[in-house]
Amino acid sequence: MYTLGIDVGSASSKAVILEDGKRVAASAVIQSGTGTSGPGRVMELVFDGLDISQKDMDYIVATGYGRFAVPFANKQMSEITCHAKGIHHLIPDARTIIDIGGQDAKAIRLDHKGNILKFVMNDKCAAGTGRFLDVMSRVLEIGLQEMGDAHFKADCPANVSSTCTVFAESEVISQLSKGVSKENIAAGVHRSIASKACSLVYRVGMEEKVVMCGGVAQDKGVVDAIEQELKKKILVADNPQTTGALRAALQLKKEGKFMELNVNEASAKELLAYYQEKCDEEARQAKKEGRLVCWSAALAPTEFFEAMDIAVCYPETHSAVLKNVQWIYWKWQIRKDITLISVHM
């Protein structure tokens, strides 16, 4: 049996093929994401050299920002769920995940079963993401692969204080003109990324072990800067760019389990903004697939329903940004193997 997971992000496309749900038969990464030729090219690359093809796949799951643009997928899954479960599969005792991708950064806290307890993300600004790192490496004329080496050669890391990528770029250019070494600026860039990532970690509540994934995890300088900020050892997942695709390829037997997400008032706006953009598209897709669609006046994030193949739609009355949110959990037993959880306000 072969299953394939494809993770289409904003800046890259990743694919993993699993044989019998265990052995990684192939994996591939293309540095082009949604809206480009990246998804098609990564599908070609992952089968390159194999004696199997896409038609031999028993199941294909798409995840990532561009998951709904993958027409051949049997199912779509949230990238937050996939990164959480992917890391749990690789490192079962992981409790905190730092995921820095092309245009967003996330911090996720897990329980001992790999369920999401809480997450926060920054997807409104490129600062502190792979895009930020890419811009700075071009200004410094240091390849992304060499940024980590430059970091460890710094003797006095520069202060890159701007929270905006555009302003930070101007700040770096100004420091170069003053004769600050590229190595010290590279270390300062890494510290800036670490500061933003760690602010997310503090909000979810850090618990060891802390694991990092996403493309930026390949930069050892960023990992070192985060370790210094948190004063904790950071584990980097094997092939950190493909953890989401790996989980997407893991078609485990459903056992009526649900994922529980503890939400507090501080993360209410982020949660609303993130899911309101996606709920209508997910519901339409669910209808096409013949899946159960649960209409509810509750704010019920997708994570609650993914293990049960239930999609949720929101009435228009809940399209506005809500203030002073108070969360109450409710549970219903729909079928013997399904527990429906909703979050009411």
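## Here we look at the pairing of strand β6 (residues 96-100)
Reasoning step 1: Most of β6 sits out of view: five of its five residues are buried.
Reasoning step 2: In β6, alternate side chains face the same way, and those of T96, I98 and I100 on one face and I97 and D99 on the other are all buried.
Reasoning step 3: As paired elements, β6 and strand β7 (residues 105-110) share five bridges and run antiparallel to each other. Each bridged residue has a counterpart across the sheet, and for T96 the counterpart in β7 is R109.
Reasoning step 4: Linking β6 to β7, which pair antiparallel, is a turn of four residues.
Reasoning step 5: Where β6 lies against strand β9 (residues 210-213), four bridges are found, and the strand directions are parallel. Bridge pairing links I98 to M212 in β9.

## Side note on the confidence of the model for the chain
Reasoning step 1: Averaged over the chain, the pLDDT score is 79; the fraction of residues at 70 or greater is 72%.
Reasoning step 2: When mean pLDDT is compared element by element in the chain, β9 scores highest at 97, while strand β13 (residues 328-335) scores lowest at 35.
Reasoning step 3: Low pLDDT, under 50, characterises residues 253-270; the stretch is placed with 51 contacts to residues that sit more than four places away or in other chains.
Reasoning step 4: Low confidence marks residues 293-345, where pLDDT is under 50. Its contacts with residues over four positions away, or in another chain, come to 138 contacts.

## Observations regarding the environment of S37
Reasoning step 1: Of note, S37 is situated in the loop between β3 (23-30) and α1 (38-47).
Reasoning step 2: On the accessibility criterion, S37 (44% relative accessible area) is partly exposed.

## Things to note about the sheet that holds strand β4 (residues 59-63)
The strands making up a sheet associate through hydrogen bonds between their backbones, and the pairing can be parallel or antiparallel.
Reasoning step 1: On the basis of which strands lie adjacent, the open sheet formed by five strands has the order β3-β2-β1-β4-β5 and mixed pairing. Both edges of this open sheet fall to β3 and β5 (75-77), since each of them pairs with a single strand only. Going from strand to strand, the sheet's axes swing by 20° on average, the running direction of each strand aside.
Reasoning step 2: Direction of pairing for β4 relative to β5: parallel, over a ladder of three bridges. Looking at the pairing, T63 lines up with M77 of β5.
Reasoning step 3: Across the sheet, α1 is in contact with β1 (2-8), β2 (13-19) and β3; its angle to β3 comes to roughly 140°.

## Looking at the nonpolar core
Reasoning step 1: In this structure, I98, I100, V172, V189, M212 and I226 are the most contacted members of the largest nonpolar core, which totals 39 residues.
Reasoning step 2: Those elements that place two or more of their residues in this core are β6, β7, α3 (130-140), α4 (144-151), α5 (165-177), α6 (182-204), β9 and α7 (220-230).
Reasoning step 3: Ranked by the residues each element gives to this core, the list is headed by α6, at 10 residues.
Reasoning step 4: Aside from chain neighbours lying at most four places away, what touches I100 is A105, G128, T129, G130, I193, A197, M212, C213, G214, G215, V216 and I226.
Reasoning step 5: A26, A28, V46 and I52 belong to the second-largest nonpolar core, a separate cluster that totals 18 residues.

## What about the sheet that holds β9?
Reasoning step 1: Read across the sheet, five strands follow the order β8-β7-β6-β9-β10 without closing on themselves; strand pairing throughout is mixed. Pairing within the sheet leaves two strands with one partner each, and these edge strands are β8 (116-122) and β10 (234-236). Neighbour-to-neighbour, the strand axes of the sheet open up by a mean angle of 20°, direction not taken into account.
Reasoning step 2: Sitting on the sheet, α7 touches β6, β9 and β10, and the angle it makes with β10 is about 155°.

## Let's talk about the pattern of salt bridges
Reasoning step 1: Applying the stated criterion to the full structure yields 12 salt bridges.
Reasoning step 2: Residue K106 is joined to D104 by a salt bridge in which the shortest nitrogen-to-oxygen separation is 3.1 Å. Comparing K106 with D104 shows no difference in burial state: the two are buried.
Reasoning step 3: Across the salt bridge formed by R131 and D134, the nearest N and O atoms sit 3.6 Å from each other. Of this pair, R131 and D134 both sit in helix α3, three residues apart, which is roughly one turn of that helix.
Reasoning step 4: With relative accessibility at 24%, the residue D134 sits in the partly exposed group.
Reasoning step 5: Connected through salt bridges with shared partners, the residues D99, D104 and K106 form a single ionic network.

## A closer look at the environment of I60
Reasoning step 1: With respect to the element layout, I60 can be found in strand β4.
Reasoning step 2: Residue classification places I60 among the buried positions, given a relative accessible area of 4%.
Reasoning step 3: For I60, the residues in contact, after removing those within four places along its chain, are L4, I6, Q54, F72, A73, N74 and K75.

Reading the values: rules and limits
Residues numbered from 1 in each chain as written. Predicted model: local features only at pLDDT ≥ 70, side-chain atom pairs only at ≥ 80, totals over all residues. Heavy atoms only, no water. Buried < 20%, exposed > 50% of the residue type's maximum accessible area, 1.4 Å probe, protein only. Helix = DSSP H or I, 4+ residues; strand = E, 2+ residues; numbered from the N terminus. Pairing = 2+ DSSP bridges. pLDDT = per-residue confidence, 0-100. Contact = heavy atoms within 4.5 Å. Axes fitted to C-alpha atoms, helices over the stretch in contact; angles between N-to-C directions. Core = buried A, V, L, I, M, F, W, Y, C linked by side-chain atoms within 4.5 Å. Salt bridge = Lys/Arg side-chain N within 4 Å of Asp/Glu carboxyl O.

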